Amino acid sequence: MKYIDEYRDGGLARLISATIAREAQAGRQYKLMEFCGGHTHALSRYGIEDLLPPQVEMVHGPGCPVCVLPVGRIDDAIRLAMRPEVTLCTYADLMRVPASGGANLLKARAAGADIRMIYSSMDAVLVAEAEPARQVVFFAIGFETTTPATALAIRLADQKQLANFSVFCNHVLTPPAIRAILDVDHLPAGERVLVDGFVGPAHVSTVIGTSPYAALAAAFGKPVVVAGFEPLDVMQAILMLIRQVNEGRTEVENQYIRAVTPEGNLIAQREMAEIFELRDSFEWRGLGALPASALRLRNTYAKFDAERRFTIVPVPAADNPACECGDVLRGLKKPAACKLFGTVCSPQTPMGSCMVSPEGACAAHWTYGRFRDRVGAGAPRQAA
Amino acid sequence: MSPPRLRTRKLDIRGGRVDLSHGAGGRASAQLIDEIFRAAFDNPFLDQGNDQAAFDVPAGRMVMSTDAYVIWPLFFPGGDIGSLAVHGTINDLAMAGAKPLHLAASYILEEGFPLADLQRIALSMARAASEAGVAIVTGDTKVVERGKADGVFITTTGIGMVPAGIDLSADRARPGDRVILSGSLGDHGVAVMSKRSHLGFETEILSDSAALGGLVADMVVACGPSIRLLRDPTRGGLAATLNEIAQASQCGFLIDEARIPVRPEVAAACELLGLDPLYVANEGKLVAVVAPDATDGLLAAMRAHKLGRAACVIGEVTADDRYFVVMTTAFGGGRIVDWLAGEQLPRIC
Ligand code: SF4
């Protein structure tokens, strides 16, 4: 606990806050994007916005795995789970993510699907081992942070020669998403998010290291500071970004040196490369189809690939047309600017996945930050 | 005690199990009630052997409350489903400022449940009730087939008397009132979760499960009319409690995280489990909303009682037409303490 408290110290926060206020130049705007949902959550949960001067604006990025998962993939998972022979193992966050036609995994379970909530990918392997008569499918999602754990589960299932275990793989990669945010020249002016710098991923970077960001920082001329998820980490990263902007630098800096190295975790990388390969293209909610941005199982491990075992045929599916998650995920809109925010969309009745995951920008703003939205705050909103 | 009935053999409590005949209303039912519940609760009301308890009540305002307990596991560090079922209902009565008088208890038992466990639970209830000065005066027992319940479910109902001049209600908070918390947050929820094996996690944390009737009696004596309301932050924790009050009183709250006591072990466990202590259940704590000028007096009375030693002011009631509970974080920023979406963890009480 002492270890954790050090990174949440209010006294230190005030010191950094004062330094930021001193160094952020008046008359200049600093638009900084925190890529990760983990950072979005920390910003909201600790009220960091209140510790920043008005010229420093934080923009939420697409780094929330649940939020970028397209509706069609949730539909696929529900169809899988509805098969009588299948037991779908999933993280609890996914249970309430809206699928097409008002469906979600929670309702599918109530309707009889065998869906189990698990805490780690290994739990899914244990279920498969304990219940050989069931086809156990692990609903794998996440950035590079969770991919090694999925790889490990597959390796374990392979060692145990489990014929009834497979993975519905939705693992995606961080650098292509950052590129998609920065690569705006071809977009109409209204759709460009012009960020001045990035707070780079914490846990993702422990795996991939800081070097993958170097090409992006150089190509697009934007500074990146990799930061931990504790609130003081975020404050310090913001200060480092402001200094880079002030000095005209566009470097990749590492605030999170206690966990992140330039080359990352080579063992985890090797493990991932051994089991997964790049997909040609993958659909991201909000960002569209991005080339070489997601992983699937290599042919050697095809027998563990739920997409091949059950021949999942993608059915086109669209988000609720009024949901602005796409713009929120690209940093074009703030959650409160969505017309559904707080009216029909709340964590009790989410219309988009950004309202479901605790790392989603809408959920974070609803849960922690909405007391700041004074505009239109007439009648109190109905709570559950 | 009632005259002994004709019976050949006593219950095999050490090795026996509940079977369907124990709930069929025949001789086996009577034996189970006699040898486990009446033996444990031992009071003249039960000894009359009626289906109801009859007693005289003083004139005045009476409160009544009922609660069902489905906690799992049944035995956890610092308590069990029995003590919890007694404390929980006593506390619901006490939050009206009442002196708890009598409890009724009914049991849904699963076929196959060990009699030894049932006796352990009954004895724990008896101890909890006698410590709190209440009697378990009537009850009921049903048995369901294996798989139709999970060991034992208990429902307790209680009545209590409210002293004259005391009127506590969730809609009485007014802007400027102070919020007092009687002690540290999260102990019960974390103690229970630590027992749940799939979380793979062990701690020395004990549940705070306790009857708050005595503490409340002292508070009422010290500054009764100035207390606006009392609440015990059980399911949903402090966060749910404050939000409920905010809705009922059409006000907001501003609380200060740095002043909210959380044991370091509990904070560490919550960190590991991804929980927020503000949302974790307590079973022996209360929140008091009090008129500002009576704050010091009430605090002193609370701190003089063993269940209120760590009592402290954690914030105040604000005027807010959106009924927000806003907290200044220990980090220095502001945030909402919202209702919990979904359930944090099921079967915690
Ligand atoms: S408020 Fe709801 S509907 Fe609107 S963008 Fe957020 S998640 Fe989508």
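Everything below is about the structure shown above.
Analysis parameters
- Residues numbered from 1 in each chain as written.
- Chains lettered and ligands numbered in written order.
- Predicted model: local features only at pLDDT ≥ 70, side-chain atom pairs only at ≥ 80, totals over all residues.
- Heavy atoms only, no water.
- Helix = DSSP H or I, 4+ residues; strand = E, 2+ residues; numbered from the N terminus.
- Rg over C-alpha atoms; globule rule 2.2 N^0.38 Å.
- Buried < 20%, exposed > 50% of the residue type's maximum accessible area, 1.4 Å probe, protein only.
- Contact = heavy atoms within 4.5 Å.
- Lys, Arg positive; Asp, Glu negative; His and termini not counted.
- Charge placed at Lys NZ, Arg CZ, Asp CG, Glu CD.
- Salt bridge = Lys/Arg side-chain N within 4 Å of Asp/Glu carboxyl O.
- Disulfide = S-S within 2.5 Å.
- Pairing = 2+ DSSP bridges.
- Axes fitted to C-alpha atoms, helices over the stretch in contact; angles between N-to-C directions.

A. Broad picture of the overall build of chain B. Broken down by element type, chain B carries nine helices and 13 strands. Against the globule reference of 20 Å for 349 residues, chain B gives a C-alpha radius of gyration of 21 Å, in line with a compact fold. Its C-alpha atoms give chain B principal-axis dimensions of about 70 × 50 × 35 Å. Per-residue burial for chain B yields a buried fraction of 56% across its 349 residues. Expressed as a percentage of contacts within chain B between residues at least 6 apart in sequence, the contacts between residues at least 24 apart total 86%. For chain B, the separation between the mean place of its 32 positive charges and that of its 41 negative charges on side chains is 4 Å.

B. Structural detail: the overall build of chain A. Counting secondary structure elements, chain A contains 16 helices and 13 strands. Compactness check: chain A gives a C-alpha radius of gyration of 21 Å against a globular reference of 21 Å for 384 residues, within 12% of the reference. Along the first, second and third principal axes, the C-alpha set of chain A runs to 65 × 50 × 50 Å. Looking at chain A as a whole, 56% of its 384 residues are labelled buried.

C. Looking closely at the pattern of salt bridges. On inspection of all chains with the given rule, the structure shows 42 salt bridges over all chains. A salt bridge links Glu271 of chain B to Arg8 of chain A; its shortest N-O distance comes to 2.9 Å. Of this pair, Glu271 of chain B sits in helix α8 (residues 264–273) while Arg8 of chain A sits in the loop between α1 (2–5) and α2 (10–23), on two different chains. Given the relative accessible area of 34%, Glu271 of chain B is considered partly exposed. A cluster of three or more residues bridged by salt bridges with shared partners is formed by Asp114, Arg116, Glu131 and Arg134 of chain A.

D. The arrangement of the state of the cysteines in detail. Residues and elements named next belong to chain A. Enumeration over the complete set of coordinates arrives at one disulfide over all chains. The disulfide that involves Cys64 links it to Cys67, with 2.2 Å between the sulfurs. Given an S-S torsion of about 65°, the disulfide between Cys64 and Cys67 has right-handed geometry. Of the two residues examined, Cys64 and Cys67, each falls in the buried class. For the unlinked cysteine Cys89, the closest cysteine sulfur is that of Cys169, found at 16 Å.

E. Region of the structure containing the sheet that holds strand β8 (residues 224–226) of chain A. Residues and elements named next belong to chain A. Strand order in the open sheet formed by five strands is β2-β1-β7-β8-β9, with parallel pairing between adjacent strands. The open sheet is flanked by β2 (56–63) and β9 (252–254), the only strands paired with a single partner. The average angle at which neighbouring strand axes cross in this sheet is 25°, direction not considered. The pairing of β8 with β9 spans three bridges and is parallel. Considered in β9, the bridge of Val225 is made with Glu253.

F. Seen up close, the sheet that holds strand β8 (residues 227–231) of chain B. Residues and elements named next belong to chain B. Pairing is mixed across the open sheet formed by seven strands, whose spatial order is β8-β10-β7-β11-β9-β12-β13. This sheet does not close on itself; its edge strands, each paired only once, are β8 and β13 (334–336). Averaged over all adjacent pairs, the angle separating strand axes in this sheet is 25°, with direction ignored. Both strand β7 (residues 178–181) and strand β11 (residues 312–318) contribute to a ladder of four bridges, which runs antiparallel. Of the residues in β11, the one forming a bridge with Arg178 is Glu316.

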